[in-house]
Amino acid sequence: MVIPRLDRHEPPPDPAGPIGHLPVTGVGRLSPSAAELARLRRVADGEEEADLVVRGGLVVVVHDGTVVNRDILIVGRYIAAVTRPGVLSGRRSLDAAGRYVVPAYVDAGLRVEETLLSAGELARLLIPRGTVTLLTDPAALLALGGAQGSELATGSATPLRVLLRSGGGLAPAADLALAAPVPPVAPASGPTVIPPTSPTTTSVVEVSPAPPGAGVSGLSALGAGPVADPAGLRWALDYPGPTRTRTVTELATHGHLDHDVRLAVGQGMGPIDAIRHATLLPARSHGLDSALGSIAPARLADLQVVTTLAGTAPPDVVVAGGRIAAEHGRPLFDNHDVAPAWAVGRIRLPANLHAGSFLGPGLSRAGRQDVSVAAVSIDVPREPAAHPVAGGPGRSPLGGAGPEPATARRHGVRTVRVQPTVHDGYAVADPTRDLHKVAVFERDGGGGPIDVGLIRGCGLNRGALGVSTMHAPGHVVVVGARDDDMLTAARAVEGMGGGFVVVDQGWVRAACPLPLLGLMSDAPWEAVLGELAAVDTAAADLGCRLPFPLRTLATLGRLLYTRP
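Residues numbered from 1 in each chain as written. Predicted model: local features only at pLDDT ≥ 70, side-chain atom pairs only at ≥ 80, totals over all residues. Heavy atoms only, no water.

Caption draft 1: Quick look at the sheet that holds strand S19 (residues 451–456). One open sheet accounts for eight strands, arranged S15-S14-S19-S18-S21-S20-S22-S23; its pairing is mixed. On the outer flanks of this sheet lie strand S15 (412–418) and strand S23 (507–513), each paired with one strand and no other. Neighbouring strand axes in the sheet, compared pairwise and without regard to direction, differ in orientation by 25° on average. Strand contacts of helix H12 (residues 483–496): strand S18 (435–441), strand S20 (464–468), strand S21 (476–480), strand S22 (499–504) and S23, with the helix running at about 150° to S22, the strand carrying the most contacts. (Pairing = 2+ DSSP bridges. Helix = DSSP H or I, 4+ residues; strand = E, 2+ residues; numbered from the N terminus. Axes fitted to C-alpha atoms, helices over the stretch in contact; angles between N-to-C directions. Contact = heavy atoms within 4.5 Å.)

Caption draft 2: Structural detail: helix H8 (residues 257–266). Of all ten residues that make up H8, nine are buried, and the element is covered over most of its length. Those residues of H8 that fall on the buried side of the exposure criterion are Leu257, Asp258, His259, Asp260, Val261, Arg262, Leu263, Ala264 and Gly266. One or two residues past the end of H8 sits Gly268, with phi positive at roughly 110°. (Buried < 20%, exposed > 50% of the residue type's maximum accessible area, 1.4 Å probe, protein only.)

Caption draft 3: Looking closely at unusual backbone geometry. The amide bond that connects Ala472 to the next residue, Pro473, takes the cis arrangement and shows omega of 10°. Along the polypeptide, Pro473 turns up in the loop between S20 and S21. Residues other than glycine seldom take positive phi values, yet Asp424 does so here, at roughly 55°. Structurally, Asp424 is set in the loop between strand S16 (421–423) and strand S17 (426–428). Within the chain, Asp434 stands out as a residue other than glycine whose phi angle is a positive 55°. Relative to the assigned elements, Asp434 resides in the loop between S17 and S18.

Caption draft 4: Spotlight on the pattern of salt bridges. On inspection of all chains with the given rule, the structure shows 24 salt bridges. We note a salt bridge from Arg99 to Asp316, for which the minimum N-O separation is 3.1 Å. With Arg99 in the loop between strand S5 (90–95) and strand S6 (100–103) and Asp316 in the loop between strand S10 (303–306) and strand S11 (317–320), the pair connects residues that are 217 residues apart, well separated along the chain. One exposure class covers both Arg99 and Asp316, and it is buried. (Salt bridge = Lys/Arg side-chain N within 4 Å of Asp/Glu carboxyl O.)

Caption draft 5: The arrangement of the environment of Asp434 in detail. Among the residues examined, Asp434 registers a relative accessible area of 14% and is labelled buried. Separated by 22 residues in the primary sequence, Asp434 and Arg456 place their C-alpha atoms 5.5 Å from one another. Once you skip the residues sitting within four places of it in the chain, Asp434 turns out to touch Ile455, Arg456, Gly457, Cys458, Gly459 and Arg545. Polar side-chain contacts of Asp434 include one of 3.0 Å to the backbone nitrogen of Gly457. (Polar contact = N/O pair within 3.5 Å; in protein donor to acceptor, adjacent residues only side chain to side chain.)

Caption draft 6: Expanded view of the environment of Arg323. By the element assignment, Arg323 lies in strand S12 (residues 323–327). In sequence terms Arg323 and Arg77 are 246 residues apart; their C-alpha atoms lie 7.6 Å from each other.

Caption draft 7: Representation of helix H14 (residues 549–556) within the structure. Here H14 lies mainly inside the structure; seven of its eight residues are buried. Gly557 lies just past H14 and shows a positive phi near 55°.

Caption draft 8: Quick peek at the nonpolar core. Counting residues in hydrophobic clusters, the biggest one holds 64 residues, and the most contacted among them are Leu122, Leu465 and Phe500. Top element by residues in this core is helix H13 (residues 525–541). It accounts for six residues. Beyond its immediate chain neighbours, meaning those up to four positions away, Leu465 contacts Cys458, Leu460, Val477, Val478, Val479, Ala489, Val501, Val502, Ala539, Cys544, Leu550 and Leu553. Judged by nonpolar contacts, the second largest core, of 27 residues, contains Ile347, Val418, Leu454 and Ala492. (Core = buried A, V, L, I, M, F, W, Y, C linked by side-chain atoms within 4.5 Å.)

Caption draft 9: Molecular detail of the pairing of strand S8 (residues 131–136). S8 sits mainly inside the fold: six of its six residues count as buried. This β-α-β element, strand S7 (residues 105–107) to helix H2 (residues 119–126) to S8, shows right-handed connectivity. By the bridge criterion, four bridges tie S8 to strand S9 (residues 161–165) in an arrangement that is parallel. In the strand pairing of S9, Leu134 is matched with Val162. (Right-handed = clockwise from strand over helix to strand, strands pointing away.)

Caption draft 10: Inspection of the pairing of S9 at higher detail. The buried count for S9 comes to five of five residues, which makes it a mostly enclosed element. Where burial is concerned, the two faces of S9 agree: the one with Arg161, Leu163 and Arg165 and the one with Val162 and Leu164 are both buried.

Caption draft 11: Representation of the packing of aromatic side chains within the structure. For the coordinates displayed, the defined rule picks out one aromatic pair. Seen in terms of ring centroids, Phe358 and Phe441 are 6.1 Å apart; in terms of plane orientation they differ by 75°. Their pairing is edge-to-face. One end of the pair, Phe358, is in the loop between strand S13 (330–331) and strand S14 (373–379); the other, Phe441, is in strand S18, and 83 residues separate them in sequence. On the accessibility criterion, Phe358 (0% relative accessible area) is buried. (Phe/Tyr/Trp six-rings, centres within 6.5 Å; stacked < 30°, edge-to-face > 60°.)

Caption draft 12: Structural detail: the confidence of the model for the chain. Of all residues in the chain, 74% have pLDDT values of 70 or greater, and the mean over the chain is 79. Contacts from residues 1–21, a stretch scored under 50 in pLDDT, to residues over four places away or in other chains number 49 contacts. Counting interchain partners and residues more than four positions distant, the pLDDT-below-50 stretch residues 168–243 has 176 contacts. (pLDDT = per-residue confidence, 0-100.)

Caption draft 13: Representation of the side chain of Asp430 in the model. In this structure, Asp430 sits in the loop between S17 and S18. Nearest to the buried, unbridged Asp430 among oppositely charged side chains is Arg433, at 4.6 Å. A distance of 2.4 Å separates a polar atom in the side chain of Asp430 from a polar atom in the side chain of Thr432. Sequence-distant contacts of Asp430, that is, excluding residues within four places in its chain, are made with Thr421 and Leu435. (Lys, Arg positive; Asp, Glu negative; His and termini not counted.)

Caption draft 14: Representation of the packing of H13 against H14. Packing of H13 against H14 leaves a shortest axis separation of 8 Å and a crossing angle of 95°. Here H14 runs roughly perpendicular to H13, going by the angle between their axes. Along the contact surface, H13 presents Leu532, Val535, Asp536 and Ala539, while H14 presents Pro549, Leu550 and Arg551. Class assignment of the residues belonging to the contact of H13 with H14 gives a composition of five nonpolar, no polar and two charged. (Parallel < 35°, antiparallel > 145°, perpendicular 65-115°, else oblique. Nonpolar A, V, L, I, M, F, W, Y, C, P; charged D, E, K, R; others polar.)

Pasting the structure below:
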């Protein structure tokens, strides 16, 4: 069976020629050993049984858009052969008759820490949705955690495969080429094996700059607006962006690359074409297509068994590295990762911090001719924080709101001059005028001065909000209407080791601890999801009108302060 031509899409070759792979480390563990290769050949030749046979599925060949009825023989972590049904045997079998078998998704841009989850909990959330491999930029983890920082992304014992990539620039292909394994070759009279594309070479796709007006960055950004621009949609799918931000809220509510594939199909792209852009093309753009992104001999056995291509239901079965890892949206593994001691308790505020610390010498009005002060203004977008995706055939019911971090990035931050409310010679917070204090702390416990200024646009009627910021050097930022509540919020963030907190009248009303470098939680993702909802609700109860307020403040960080 051949899918219509609309699904046959391969990016045109660059006339200037390839310029190199995007740098990726950790690729050595993708290649089979000599002993593994030898066993792959024996199984493909019919001399040994496979460990697992996925029988009778409709295998999607993402290279050319065809769908063929085949058995998939798996040995250890790898695919040994893709054969006609019933030709070869295995110790165990998985019946895929009447269902499609597609490659597991490859995410080329998600940053683990920006999900707010540990890698182990991220695995529990993503693998049941079909994502098995992440290529992540560890820059923030390294900046805040030193040389050990990247271990928070790569150190999980769960089936999620996390590889590290550079945040920018290109490296020579010779320095980064993955040692492509030689695919098992069946004898002339043996089973029919689907040959991989260029099995002994590493393909390269140049990552081009975005076209004017595209307004999207990578496949995961497609949900950022109500209806994606078709030209920008096509570019985003062709050239996965270097970064994308999605917290546990979006991942749990809307999905991951499965959601993006559905959205692309809803915008008119063929289902196999959309799947190709979430599997083969991100692997190819990083020089990893000899191991990832397709169902072919000598590739890693990362598969999804689905009833409908680009359907709304999670995969019936997800195979990760040759093992059945999830069924019907539920992981078949537990997260037993233990938070490393070096990553906890990294936030220390000044020991002598007290309510008077928030007066701030810059807020003194004594003896000044000009009573106006500089303040930071957060301009909330006029459009709603969430847009429903237009309905219609092929639209996913998971469409709903776009990614909340993208909404946060639409906030404008500018410096304005305001006439402050003055009390006892100091400019003070005045919630009736939407003027609040903001304090920015270094996290190293030094005795340096605290930056205290004014901010507007938050909308708090009372209380205070405290966050540990998401970018190095990792400040603690507190915004509030009362100095004593700001003190409570600052100490609460320090006591949790980082995170988000809402304080009112001296009490912590809601909190979301992020003790791993002040960026990530070590709690189950279900708990983090509830904590994020609680802090957002508590902030709204205090009058805050920022969508996703704590995450917005954490993203803006030091931009929230200007010298009065």
